[in-house]
Amino acid sequence: MVRKNGRLLLLVVSCSVIGVILGGTAAWAESSLCLEDSKVTSECLTQDPIQKTILGMSTGLVAGAGAACGAAWQLRHED
């Protein structure tokens with residue numbers, strides 16, 4: 001039982017970390033592309049790239065943890 005809980009925790013942590021990395025990278029790239037666009041909007045200029053990156057990272061964290069829990073739930077019910 002302890003072994004299964006350890007695996008679940010490892011799955012959730014690894015998916016969350018990957019989600020944080022992908023979410024942060026995507027948000028940073030989006031803010032960089034926004035500033036290089038030929039038509040720069042006021043929303044692009046007023047939004048802080050660091051804040052947008054942190055928001056992307058937190059969204060990735062939730063998405064990764066949710067995906068891991070969903071995968072674990074499905075595997076548990078297949079047995």
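Residues numbered from 1 in each chain as written. Predicted model: local features only at pLDDT ≥ 70, side-chain atom pairs only at ≥ 80, totals over all residues. Heavy atoms only, no water.

### Remarks on the overall build of the chain
Okay, step 1: Scanning the chain from N- to C-terminus turns up three helices and zero strands.
Okay, step 2: When the helices and strands of the chain are placed in sequence order, the string is α-α-α.
Okay, step 3: For a compact globule of 79 residues, the expected C-alpha radius of gyration is about 12 Å, and the chain comes in at 17 Å, more than 25% above that figure.
Okay, step 4: A principal-axis box enclosing the C-alpha atoms of the chain has dimensions of 55 × 20 × 15 Å. (Helix = DSSP H or I, 4+ residues; strand = E, 2+ residues; numbered from the N terminus. Rg over C-alpha atoms; globule rule 2.2 N^0.38 Å.)

### Overview of the confidence of the model for the chain
Okay, step 1: Looking at the chain as a whole, the pLDDT averages 87, with 96% of positions reaching at least 70.
Okay, step 2: Taking the mean pLDDT of every element in the chain, the minimum, 80, falls on helix α2 (residues 42–46) and the maximum, 90, on helix α3 (residues 49–78). (pLDDT = per-residue confidence, 0-100.)

### Overview of α3
Okay, step 1: The end-to-end C-alpha distance of α3 is 43 Å, a good match for the 44 Å that 30 residues give at a rise of 1.5 Å each.
Okay, step 2: If you check which residues of α3 are buried, you get K52, T53, G56, G60, G64, A68 and A72. (Expected span 1.5 Å × (residues − 1). Buried < 20%, exposed > 50% of the residue type's maximum accessible area, 1.4 Å probe, protein only.)

### Describing the side chain of S16
Okay, step 1: Residue placement: S16 occurs in helix α1 (residues 2–36).
Okay, step 2: Judged by its relative accessible area of 9%, S16 is buried.
Okay, step 3: A polar contact is formed between the side chain of S16 and the backbone oxygen of V12, at a distance of 2.7 Å. (Polar contact = N/O pair within 3.5 Å; in protein donor to acceptor, adjacent residues only side chain to side chain.)

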